[in-house]
Amino acid sequence: MGFESLRQSLLAGERVVAFTRADAELGARLLVWPDDGRSEGTLTDPDLDQAAAALTTTDPLPATGLREIAGAEVFVETFEPLPQLFIVGAVHVAIHLVHFARRLGFRTVVVDARSAFATAERFPHADELVVEWPADYLSRLPLHANTFCVFLTHDEKLDNPALQVVLEAGVRYVGALGSKRTHGKRVTALREAGLSAELIDRIHAPIGLDLGGRKPEEIALAIAAELVAVRNGSAASGR
Amino acid sequence: MLDVLPDIDRWHGAGLKVAVATVIRTVGSSPRPLGSKMAVSEAGGIAGSVSGGCIEGAVFEEAQSVLEDGRPKRLRYGISDEQAWAVGLTCGGEVEVLVERIGD
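S.K.: With reference to specific residues and values, describe empty space enclosed by the protein.
M.R.: Tallied over the entire structure, the rule returns one cavity of 30 Å³ or more. The volume enclosed by the largest cavity comes to roughly 130 Å³. Lining the largest cavity are 16 residues, and of these Arg29(A), Glu77(A), Met1(B), Lys37(B) and Glu100(B) lie nearest its centre. Every element with two or more residues in the lining of the largest cavity is listed here: helix H1 (3–12), strand S1 (16–21) and strand S5 (72–79) of chain A together with strand S1 (18–27) and strand S5 (94–102) of chain B.

Put into structure tokens, the structure is as follows:
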């Protein structure tokens, strides 16, 4: 019941919550897509469907398990795609960040227009390496709510148009490397490009948890730590 | 689910009926987390798992009637320490699974 829709969503990387009756109406199922409020199927009772759908408006989504909903015993199952991380800028820090991020369960993609940096020799460990203008590449992709984006180029031409793409797409995390002064210039440019202050404010800058490190691998670790904090909804993420 | 999807697709592609068992409740330490799946085809194929090996055989048997009549089943298994020891597990918990036919 609802299998084909669930199958397609999982392959497309969409978030889905499946509600399945585990009581007398065994097997009756409602699927809810929390990111657009879509639903399919029924638990055989409109009030129950409504109560179930209301559970998918929380962040994080409900944990997988049996629970009582409006007097019915329902198995709730949350399907979340693997978090994906886009690293814009095939720089030194990125090499270390790919190591940490992959070990921490992120599907990791490195994007840079500069073919001298974005080489398979430097990034044999990335899930994907893309040599293209980051904004062009990112605007073609389904950026889901479990997408994390890190900007490391130090180059406005590469960073800013791509920042605009991911901020407008509503991804889970956006962080950008750079000093206060660099970030100030970035904020001005994005504002001039027409982005709202609210969206611009979603950028984590300075990027990473403050671990006091300066070496590329220490900066990469600080960024990886921030990604984990955001993924887990920890207060350490500063949001 | 993603782990068993390739097998399910292959079986459906071959025109076979498929049932899926899902872990919906566990008590005590159990080897497979909630939501773990085992898929069974009417030709006897098995993919995935719902325990460390102690209840797969029993679930496979139960899945045959689900494949036949399409009526889902909720099954409950206690894993005694003795049985668990026999299959090399240290668990002494309890597992419930929901078995249903999919893709009708």
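S.K.: For the pairing of strand S6 (residues 84–88) of chain A, give the residues involved together with the corresponding values.
M.R.: All names here are of chain A. Most of S6 sits inside the fold, with five of its five residues counted as buried. With burial as the criterion, each face of S6 is covered, one bearing Gln 84, Phe 86 and Val 88 and the other bearing Leu 85 and Ile 87. The sheet contact formed by S6 and strand S7 (residues 107–112) spans five bridges and is parallel. From the neighbouring strand, Phe 86 faces S7, where its bridge partner is Val 109.

S.K.: Describe in detail the layout of surface pockets, supporting the description with residues and values.
M.R.: All names here are of chain A. In this model, the largest pocket occupies a volume close to 550 Å³. Along its surface, the largest pocket is lined by 22 residues, and Asp 59, Arg 172, Val 230, Arg 231 and Asn 232 are the ones closest to its centre. Roughly 480 Å³ of volume is contained in the second largest pocket. Lining the second largest pocket are 21 residues, and of these Leu 177, Gly 178, Pro 206, Ile 207 and Gly 208 sit closest to its centre. Of all the elements in the fold, those that place two or more residues in the lining of the second largest pocket are helix H6 (180–192) and helix H8 (216–231). When residues in the lining of the second largest pocket are grouped by element, the largest group, three residues, is from H8. Of the residues in the lining of the second largest pocket, the class split is eleven nonpolar, seven polar and three charged.

S.K.: With reference to specific residues and values, describe the packing of H1(A) against helix H1 (residues 5–13) of chain B.
M.R.: For the pair H1(A) and H1(B), the least separation of the axes is 12 Å and the interaxial angle reads 135 degrees. As the angle between them shows, H1(A) and H1(B) are arranged oblique. Judged by the twist between their axes, the crossing of H1(A) over H1(B) is left-handed. In this structure, H1(A) contributes Phe3(A), Arg7(A) and Leu11(A) to the contact, and H1(B) contributes Leu5(B), Ile8(B), Asp9(B) and His12(B). A class-by-class count of the residues in the contact of H1(A) with H1(B) yields four nonpolar, one polar and two charged.

S.K.: Describe the packing of aromatic side chains, and please don't skip the residues or the numbers.
M.R.: Residue and element names in this part refer to chain A. The full count for this structure, using the stated rule, is three aromatic pairs over all chains. A network of ring pairs unites the aromatic residues Phe 106, Phe 148 and Tyr 173 as a single cluster. The ring centre of Trp 33 lies 4.3 Å from the NZ or CZ of Arg 38, which sits over that ring. The ring of Phe 117 carries Arg 114 above its face, with NZ or CZ at 4.6 Å from the centroid.

Reading the values: the criteria
- Residues numbered from 1 in each chain as written.
- Chains lettered and ligands numbered in written order.
- Predicted model: local features only at pLDDT ≥ 70, side-chain atom pairs only at ≥ 80, totals over all residues.
- Heavy atoms only, no water.
- 1 Å grid on protein atoms, 1.4 Å probe; cavity = no way out; pocket = protein on both sides within 12 Å on 5 of 7 lines; lining within 4 Å.
- Points joined across faces, edges and corners; volume = space filled by probe spheres on them.
- Helix = DSSP H or I, 4+ residues; strand = E, 2+ residues; numbered from the N terminus.
- Buried < 20%, exposed > 50% of the residue type's maximum accessible area, 1.4 Å probe, protein only.
- Pairing = 2+ DSSP bridges.
- Nonpolar A, V, L, I, M, F, W, Y, C, P; charged D, E, K, R; others polar.
- Axes fitted to C-alpha atoms, helices over the stretch in contact; angles between N-to-C directions.
- Parallel < 35°, antiparallel > 145°, perpendicular 65-115°, else oblique.
- Left-handed = near helix turned anticlockwise from the far one by under 90°.
- Contact = heavy atoms within 4.5 Å.
- Phe/Tyr/Trp six-rings, centres within 6.5 Å; stacked < 30°, edge-to-face > 60°.
- Lys NZ or Arg CZ within 6 Å of the ring centre and 35° of its normal.

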